[in-house]
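# Residue-level structure breakdown
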Amino acid sequence: MRKRTEPVTLEHERCAASGSSSSGSAAAALDADCRLKQNLRLAGKGPEPRCAADSGMKRALGRRKGLWFRLRKILLCVLGLYIAIPFLVKLCPGIQAKLIFLNFVRVPYFIDLKKPQDQGLNHTCNYYLQPEEDVTIGVWHTIPAVWWKNAQGKDQMWYEDALASNHPIILYLHGNAGTRGGDHRVELYKVLSSLGYHVVTFDYRGWGDSVGTPSERGMTYDALHVFDWIKARSGDNPVYIWGHSLGTGVATNLVRRLCERETPPDALILESPFTNIREEAKSHPFSVIYRYFPGFDWFFLDPITSSGIKFANDENVKHISCPLLILHAEDDPVVPFQLGRKLYNIAAPSRSFRDFKVQFIPFHSDLGYRHKYIYKSPELPRILREFLGKSEPERQH
C-alpha cells in the first residue's frame, strides 16, 4: 500500500508544483503585458509635441509665403503702373497739360471768391471781366492800404476810378494750382498794398470761378485784356507786371507782346522764374522718379510741346525792352534756383535790355523762403523802392 500511494503523492506534488509554476508564469505574463501596454501608451504620447511643433512651423511658413506672395503682387502692380504711365502720358498729351496747369486743385477750399474781405482784404473789390465770348475771369482789385477806411462800402465804379489816383499799379499773375485767394498770394497783396500799390490780380480761364478752358494762349490773352483794362483807367500812373512761378511764363509772353506793339509796362518783376517749361518739367520734383527713364524727353517733354505749351521765358526776354527784376530763393524746391540764375544770365547781356536795368536778387537758403514766401522778406520793401524808384539803366547781381 505504501508503494502504491507514493506515486500518487508524487503525482499530486508535481501537479501542485506545476500548478503553482503555471500560475506564477501567468502572473508574470500579465505583468509583462501591462508593462508593454504602458510603454506603448507612453510611446504614443511622445510624438504629439513634435507633431504640434511641425504643424506650427508649417502654418508660420504658410503665412510667410502668403505675405511674400502679396508683397510680390503689389511690387509687380507698382512696376506695371510705373512702366504704363509714360505710355499713357504719350498717348494722352492732355494729361501733361493738366499736370502743368493744376487748375483743378483749388486751395484753400470752401472760400467765396466773391468776398475777398473774408480773407482779410477789406479794401478789395471783386470784378468779372470778359476777355472773349464764353470766357469770364474773376478779378480782385486791392487799393493802397492808406485808403482802406475810404473804401468801406464803396462799389466797383469807385474802385475803378481809384486807379487814376497818384499810386502805381501792380498786375499780379499767379502760378499754377489754387486761386487768386491762395494764402501766400493774399499775404503778398497785403504787403504790396501797405507799400502804396494798387494790386490787380485775377484767375485765368479755368481757374477758381473763371470760366473757360486753360491754355497758354488763353492765359496770355486774359492777362493782356486785364492790362488793357487797367491802362484804360489808370491815366499816367506806372503799371508794373509781377509774375510768380508759372505766372512768369504768362508775364514774359504778355510783356513781349506789349513791347512788340510798343506799349511796354513800366517794369517786369519775375518771382521764382524758370527758363522754359521743358527745363522746368525736367527739373521738377515730380519728375525725379522718371528722370533717368529711357526716352524721358520723348515720353514726357514732347507731349508738352505738342500741346502747344512752351512758356519760353528764355526766348521772350530777348524781345523785352523794360526794366527787369528777378527774385529767387536758393532753397526753392519747385523751380530750381539755377534756372532763375540762368534766365538772368540770358537777359542781362541781351540787346533788348541795353537801355534798361536788369537785376537779380537771390535770397539765402537759411531764410527759408523756398518757392512762395519771399513776401516775408523784410528787405522786400527796400528792394522794390530802390528798383522801381530808379530810372537809369544798370546791371546788378
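On a predicted model such as this, the values are computed, not experimentally measured, just so you know. (Residues numbered from 1 in each chain as written. Predicted model: local features only at pLDDT ≥ 70, side-chain atom pairs only at ≥ 80, totals over all residues. Heavy atoms only, no water.)

### Section: the overall build of the protein
Per the secondary structure count, the protein includes 13 helices and nine strands. Counting across all 397 residues of the protein, residues that qualify as buried make up 44%. By sequence separation, contacts in the protein at least 24 residues apart represent 76% of the contacts at least 6 residues apart. (Helix = DSSP H or I, 4+ residues; strand = E, 2+ residues; numbered from the N terminus. Buried < 20%, exposed > 50% of the residue type's maximum accessible area, 1.4 Å probe, protein only. Contact = heavy atoms within 4.5 Å.)

### Considerations on the side chain of Q96
Tracing the backbone through its elements, the reader meets Q96 in helix α3 (residues 94-101). Take Q96: its relative accessible area is 9%, and that puts it in the buried class. In this structure the side chain of Q96 is engaged in a polar contact, spanning 2.6 Å, whose partner is the backbone oxygen of F300. Excluding residues within four positions of it along the chain, Q96 makes contact with V89, F300, P303 and I304. (Polar contact = N/O pair within 3.5 Å; in protein donor to acceptor, adjacent residues only side chain to side chain.)

### Some words on the pattern of salt bridges
Scanning the model with the defined rule gives 15 salt bridges in all. Where D203 meets R180, a salt bridge forms, and the shortest distance between an N and an O atom there is 2.7 Å. With D203 in the loop between β4 (198-202) and α7 (216-234) and R180 in the loop between β3 (169-173) and α6 (183-194), this residue pair connects regions lying 23 residues apart in the sequence. Its relative accessible area of 0% is what places D203 among the buried residues. Since its relative accessible area comes to 0%, R180 is described here as buried. Residue R205 is joined to D222 by a salt bridge in which the shortest nitrogen-to-oxygen separation is 2.7 Å. One end of the pair, R205, is in the loop between β4 and α7; the other, D222, is in helix α7, with 17 residues separating them in the sequence. (Salt bridge = Lys/Arg side-chain N within 4 Å of Asp/Glu carboxyl O.)

### Structural notes on helix α8 (residues 246-260)
With 15 residues, α8 should reach 21 Å at 1.5 Å per residue; the first-to-last C-alpha distance of 22 Å fits that figure. With respect to burial, α8 is a largely interior element, 12 of its 15 residues being buried. At the exit of α8 stands E262, carrying a positive phi of roughly 65°. (Expected span 1.5 Å × (residues − 1).)

### As for the nonpolar core
If you look at the biggest cluster of nonpolar residues, it comprises 67 residues, and the most contacted ones within it are F101, L171, L173, F202, I241, L268 and F311. In terms of nonpolar packing, the next biggest core, distinct from the first, is built from 30 residues, Y197, I269, L325 and I361 among them. (Core = buried A, V, L, I, M, F, W, Y, C linked by side-chain atoms within 4.5 Å.)

### Notes on helix α13 (residues 380-388)
Listed in full, the buried residues belonging to α13 are L380, I383, L384, F387 and L388. The buried residues of α13 occupy an angular sector of 100° when projected down its axis, which confines them to one face. Of the surrounding elements, those touching the buried residues of α13 are α6, β5 (239-244), β6 (267-271), β7 (324-329) and β8 (358-363). (Arc of directions from axis to C-beta.)

### Digging into the UniProt feature "transmembrane region" (unreviewed entry) in the protein
Under the present numbering, the feature "transmembrane region" (unreviewed entry) in UniProt falls on residues 67-89. Its end C-alpha atoms 33 Å apart, residues 67-89 is made of 100% helix and 0% strand. (UniProt positions renumbered as here; feature names shortened; annotations may be inferred.)

### Section: the packing of aromatic side chains
Within this structure, the stated rule accounts for 19 aromatic pairs. Aromatic side chains F87 and F299 sit 4.9 Å apart centroid to centroid with 70° between the ring planes, which places their arrangement in the edge-to-face category. One end of the pair, F87, is in helix α2 (residues 47-91); the other, F299, is in helix α10 (residues 296-306), and 212 residues separate them in sequence. Take F299: its relative accessible area is 8%, and that puts it in the buried class. Relative to W207, the ring of Y204 has its centre 5.2 Å away and its plane inclined at 75°; by these criteria the two rings are edge-to-face. Residues Y204 and W207 agree in their burial class; the two are buried. In textbook terms, an aromatic cluster arises when at least three aromatic residues are bridged by ring pairs, as seen for F87, Y290, F293, F296, W298, F299 and F300. (Phe/Tyr/Trp six-rings, centres within 6.5 Å; stacked < 30°, edge-to-face > 60°.)

### Description of the pairing of β5
In terms of residue burial, β5 counts as a mostly covered element, since six of its six residues are buried. Of the two faces of β5, the one carrying V239, I241 and G243 and the one carrying Y240, W242 and H244 are both buried. As defined by bridge partners, β3 adjoins β5 across five bridges and the pair is classed as parallel. Within β5, the residue paired with Y172 across the bridge is W242. As paired strands, β5 and β6 are joined by five bridges and run parallel to one another. In the strand pairing of β6, W242 is matched with I269. Once you follow β5 into α8 and on to β6, the crossover reads as right-handed. (Pairing = 2+ DSSP bridges. Right-handed = clockwise from strand over helix to strand, strands pointing away.)

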